[in-house]
Amino acid sequence: MEGYEGASSSESVLDLSRLNLNNNSLDTVSEKRRKDTKQLYLCYNRMTVLPESISLFSNLEFLDISNNTLSVICEDITRLTKLKTLIAKNNRLNVFSLPKHFGSLQLEVLNLSGNRFEEMPSQCLQLLQKLLISSFFLLFFDEQTSHLELLYLGGNQISSIPAELANLPCLSYLVLCDNRIQSVPPQLNRLHSLRSLSLHNNLLTYLPREILSLVHLQELSLRGNPLVVRFIKDMTYDPPSLLELAGRTVKSKNLPYSHKDLPSHLVNYLDIASKCPNPKCAGVYFDSCVRHIKFVDFCGKYRLPLMHYLCSPECTSPCSSNPQSDADSDEDNSVPADRLQRVLLG
Amino acid sequence: MHKSLNSSSAAALEMEQTEVMKPDTLEDLIKTLHKLFESDSVNVEEVQSIMESYESKPHEWMKYAKFDQYRYTRNLVNEGNGKFNLMILCWGEGHGSSIHDHTDSHCFLKLLQGQLKETLFDWPDRTLQGGMLQRSQQVLLENQCAYINDSLGLHRVENVSHTETAVSLHLYSPPFQTCRTFDQRTGHHNSVKMTFWSKFGERTPYESTVSQENN
C-alpha cells in the first residue's frame, strides 16, 4: 500500500532485504552510501533491534524494516529528521518498543501492522497522514491526529468504536474490518472527507441512518455481518417517564430554561434531547423512542438496513406507508432528491 | 472440476503438449496463450496448466501492477486478438470483490504475489430464504491457477491479509465488459460495467471510477 514516489536516482535507494542481516550488518555500509540513501529496505532479515547506526543515514526519508524479529527500536531513530515513512510490519513490537521521543519524528506514514501492540502508541501520532496498526485493544485520539487521512485498524479485537474517532476531519479511508463491532456511532457522520469505509466481518445488524450524510462515501464493505433483512415487526416500546414527558414539552414548546431556573442535572438532561427525524413531527425524545428499520440502496448495496429513531409509535419514519409493512419502500423522502438518486444507483 | 492442478498432473500434461513449452517469461506466456486461443475451442486444462507453469517474476509485470488505496484495481495487459482479455488485478490489504458471475465466459485466475481467498456460491434460488449460502472456500497460493465459469457457479475473491498485498493474473475468454453482482443477503443482482484502472501499463483515469461493488 505504501509505494514510494519521488526517488530520482537509483543511488538513493538501498535494498538490503532478504540478506540474512543481523543487528550489526548496517555498520558495513560506506559513509558515502549512507549519506546518499533516501530509501532503505531492510525487510526479511534477522534483526532483533534496530541499531544505532541507522542514525548515520542522515538523509533517510523512507525506511522499511518489516518482517524481522524486532522488539526494540533504538532512540537514535529520532535523529532521522527527514524520515517521512516508516514501515515496520510483521515484527514483535509493542508500546514499550518505541523510543520515548518517537513522537518528535515528522512521520506522515506509519505502518505497525502485524505486531504485538495492545495499546495505541500515543507517542507517534503527530502529523501522521497514514497509520496502519493491528493487534491492539484501546484507542486514543486527540488533536494531534488531526492530519490523519488513512487509519487501518483491521484485524483487531475492537468491540466498539469510540465517538472520538469522529475528530478526524481529513480521514478519507477508515478500515475497521475483522473486528467485533456491534454498532457504528452516528457521530461518524462528522467524518466529512470519508471516501471509503471498511466494515466487513463484524457483528453489525444495521447501520445508523446518519451514514447517508457522508456525501463523499463511495466504497463501503459490509460482507460477513449479520445484517437484518426483514423489518422487525415487534418493536418493544417503553412508554416515556414523567421526566421525559416534561422534557419533551419544554423542548417542543421552546420554553426557555437555564441554570438559574433548574438544577444543573436537569439542564444537562434537556440539552441532550434528540430531534425526531420525521419532518412532519417537531417532537424530540430522550430515552424513550421507537426503533425503526428502513431499507435503502446505498453504495452499491441492495436494501441496507438503516436504523431510525422515532419519538413514538404514532410517528412515521420519513417515508410513505405503514411502518408495520414488510415490504418497506426503498425511498426515503427526507434525503435530498439528487443524493437519493446517487444512493439508489450506487 | 474446479481446482488448481498439482505439480504431477501438470507435468503429465506438459509431456503431452509437445508443441507448447513451459513459458519462462510473461512475454512467452502471452505468446503461448495467443496460440492456444487461435481456434474457437478452449482446452481448459491446457490453459490452466500453462498459466500455472509460468513462475511469477515481479520485474516482468510490475509495470501493470498499479494499486489503489481504496479498492482492488483491474489493469489490462493484453487483448488477445479479440479472443481473450488478460489483466492484472491488484488487491490492497483487506480488499475484496462482490459475488459475481462471468457472463458465459471462461475465467482463469493465477496468483502472481500474495494469497487470495476464493469463496464459491451456487446461483441464488428465489425459493430459499436467508440469502446465498457459500458452497466452498479455498486459499490460492502464489503461482496457483484457478478456473471458473457460470455453469460451475459464482464466486467472491478477497485478500484477507492485513499486512500483505496480492496481485493476480486473470484471463477471460471471450472478453466481456459487464457482469452481474449479487447481494449475499438477498440474492438480488445488479448488472455492472467493468472498467480498467490502467491499460497496457498506462493509467486510464477517465473511465468510470464510482465503485459498484456489492461487498
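Residues numbered from 1 in each chain as written. Chains lettered and ligands numbered in written order. Predicted model: local features only at pLDDT ≥ 70, side-chain atom pairs only at ≥ 80, totals over all residues. Heavy atoms only, no water.

**What about the overall build of chain A?**
The helix and strand inventory of chain A stands at four helices and 17 strands. Residues classed as buried in chain A amount to 49% of the 346 residues present. Summarising the internal contacts of chain A: among those between residues at least 6 apart in sequence, 40% fall at separations of at least 24. Working note: accessible area of chain A is about 16,300 Å², and carbon and sulfur atoms make up 50% of it. (Helix = DSSP H or I, 4+ residues; strand = E, 2+ residues; numbered from the N terminus. Buried < 20%, exposed > 50% of the residue type's maximum accessible area, 1.4 Å probe, protein only. Contact = heavy atoms within 4.5 Å. Areas by Shrake-Rupley, 256 points an atom, 1.4 Å probe, with all protein chains shown as cover.)

**Observations concerning helix H3 (residues 44-53) of chain B**
Most of H3 of chain B sits inside the fold, with nine of its 10 residues counted as buried. Capping the start of H3 of chain B, Asn43 of chain B holds a side-chain oxygen 3.3 Å from the backbone nitrogen of Glu45 of chain B, two or three residues further along. (Polar contact = N/O pair within 3.5 Å; in protein donor to acceptor, adjacent residues only side chain to side chain.)

**Looking at the sheet that holds strand E13 (residues 202-203) of chain B**
Residues and elements named next belong to chain B. Spatially, E7-E4-E9-E2-E1-E12-E13 is the arrangement adopted by the seven strands of the open sheet, whose pairing is mixed. A single partner strand is all that each edge strand has here, and the edge strands are strand E7 (145-148) and E13. As judged from the five bridges shared by strand E1 (residues 73-78) and strand E2 (residues 85-91), these two strands associate in the antiparallel manner. Across the sheet, the residue bridging to Asn78 is Leu86, located in E2. In the packing of helix H2 (residues 26-36) onto the sheet, the strands contacted are E1, E2 and strand E9 (166-173), and the crossing angle to E1 comes to about 70 degrees. The strands touched by H3 within the sheet are strand E4 (106-113), E7 and E9, with E4 carrying the most contacts at an inclination of about 15 degrees. (Pairing = 2+ DSSP bridges. Axes fitted to C-alpha atoms, helices over the stretch in contact; angles between N-to-C directions.)

**A few points about the environment of Ile73 of chain A**
Residue and element names in this part refer to chain A. By secondary structure assignment, the location of Ile73 is in strand E5 (residues 72-73). Residues Ile73 and Val49, 24 residues apart in the sequence, show an inter-C-alpha distance of 6.0 Å. Leave out the neighbours within four places in its chain, and Ile73 touches Leu50, Ile65, Leu93, Ser97, Leu98 and Pro99.

**As for the interface of chain B and chain A**
In this complex, chain B contributes 26 residues to the contact, which on the side of chain A involves 36 residues. Summing the contributions of chain B and of chain A, the shared interface buries around 2,600 Å²; its carbon and sulfur component is 45%. Area buried by chain B at its contact with chain A is led by Tyr70, His162 and Arg185 of chain B, which between them contribute 29% of it. Counting across the chain B and chain A interface gives two salt bridges. The closest approach of N and O atoms between Arg223 of chain A and Glu158 of chain B, which form a salt bridge, is 2.7 Å. Between the two partners, chain B and chain A, sit 16 residue pairs in polar contact (both at pLDDT 80 or more). A class-by-class count of the residues in the side of chain B that touches chain A yields two nonpolar, 16 polar and eight charged. (Buried area = accessible area lost by both parts, 1.4 Å probe. Salt bridge = Lys/Arg side-chain N within 4 Å of Asp/Glu carboxyl O. Nonpolar A, V, L, I, M, F, W, Y, C, P; charged D, E, K, R; others polar.)

**Comments concerning the pairing of E2 of chain B**
The buried fraction of E2 of chain B amounts to seven of the seven residues, a majority that puts the element mostly inside the structure. Taken together, E1 of chain B and the strand that follows it, E2 of chain B, pair antiparallel across an intervening segment of six residues, in which Gly80 of chain B is found at a positive phi of about 50 degrees.

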